[in-house]
Amino acid sequence: LGEMVVGKLIHIGVDLVLLSTALAGIRRSTGLKLKPDSLVESKDMQSYIERYLSLGEMAMDLAASRMGSSSTYFTRDH
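Every residue gets a number counted from 1 within its own chain, in the order that chain's sequence is written. Side-chain atom pairs in this predicted model are given and counted only at pLDDT of 80 or more, local residue features only at pLDDT of at least 70, and totals for whole chains, interfaces and linings cover all residues. Hydrogens are left out, water is left out, and the side-chain values use all remaining heavy atoms of the structure.

J.: Is there a simple way to think about the environment of L32 in this case?
T.: Helical segments are the DSSP runs of H or I of at least four residues, strand segments are the runs of E of at least two, and each set is numbered from the N terminus. Structurally, the position occupied by L32 is in the loop between α1 (3–30) and α2 (36–39). It only takes one pair of heavy atoms within 4.5 Å for two residues to be counted as in contact. Each residue touching L32, except ones within four places of it in the same chain, is listed here: I26 and R27.

Laid out in structure tokens, this is it:
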């Protein structure tokens, strides 16, 4: 694979993680959740969508953990 192709794949991968993280944030702040069965009929694809969404949840948890441990840049509202 050429450097251009690898770079494009990395870019798309990062974009997909950011989208999944944004959907996790929407779910956490509003309670609205994407229904995989409304997008596809295949149980296998629904499972892949659920795993994709859980990736965003993990990314959100990691970001919150990192931000919470950095008192230099972030503070909590009490």
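Resuming the write-up.
J.: Please clarify how a nonpolar patch on the surface should be interpreted in this entry.
T.: A patch consists of residues exposed above 30% relative accessible area that lack any salt bridge, with like charges linked at up to 9 Å and nonpolar side chains (Val, Leu, Ile, Met, Phe, Trp, Tyr) linked at up to 5 Å. In these tables, accessible area is a Shrake-Rupley quantity obtained with a 1.4 Å probe, and a residue counts as shielded only by the protein chains included in the view. Each reported salt bridge corresponds to a side-chain nitrogen of Lys or Arg within 4 Å of a carboxyl oxygen of Asp or Glu. Judged by side-chain polarity, V6, I10, V14 and L18 come together as a nonpolar surface patch covering roughly 350 Å² of accessible area. As for its placement among the helices and strands, L18 is situated in helix α1. Its relative accessible area of 54% is what places L18 among the exposed residues. Residue exposure (1.4 Å probe, protein chains only): buried if accessible area is under 20% of the type maximum, exposed if over 50%, otherwise partly exposed.

J.: Please clarify how the packing of α1 against helix α3 (residues 43–68) should be interpreted in this entry.
T.: For any two helices packed against each other, the geometry comes down to the angle between their axes and how far apart the axes lie. Working convention: axes come from line fits to C-alpha atoms, limited for helices to the stretch in contact. Angles between N-to-C directions cover 0 to 180 degrees. Contact pair α1 / α3: the axes reach a minimum separation of 7 Å and the direction vectors enclose 80 degrees. Here α1 lies roughly perpendicular to α3, going by the angle between them. Only Y52, L53, L55, G56, E57, A59, M60 and D61 of α3 make contact with α1, whose side of the interface consists of L16, V17, L19, S20, T21, L23, A24, G25, R27 and R28. Tallied by class, the residues present in the contact of α1 with α3 amount to ten nonpolar, four polar and four charged. Working definition: roughly parallel below 35 degrees, roughly antiparallel above 145 degrees, roughly perpendicular at 65 to 115 degrees, and oblique for all remaining angles. Throughout, the ten residues Ala, Val, Leu, Ile, Met, Phe, Trp, Tyr, Cys and Pro are labelled nonpolar, Asp, Glu, Lys and Arg are labelled charged, and all others, Gly among them, are labelled polar.

J.: Explain the pattern of salt bridges to me, please; I cannot follow it from the model alone.
T.: Charged atoms that come close allow side chains of opposite charge to pair. Using the criterion set out here, one finds three salt bridges in the structure. Among the salt bridges present, the one from E57 reaches R27, with a minimum N-O distance of 2.7 Å. With E57 in helix α3 and R27 in helix α1, this pair connects stretches of sequence that are 30 residues apart. Its salt-bridge partner being D61, residue R28 comes within 2.6 Å of it at the nearest N-O pair.

J.: What is the right way to read α1 from this model?
T.: Helical geometry note: an α-helix holds 3.6 residues per turn, so side chains three or four residues apart project in the same direction. In this analysis, the expected span of each helix is defined as 1.5 Å times one less than the number of residues it contains. Along its 28 residues, α1 runs 40 Å from first to last C-alpha, staying within 8% of the 40 Å computed at 1.5 Å per residue. Those residues of α1 that sit buried are S20, T21, A24 and G25. Taken together, the buried residues of α1 touch α3. One or two residues past the end of α1 sits G31, with phi positive at roughly 85 degrees.

Geometry only, nothing functional implied.
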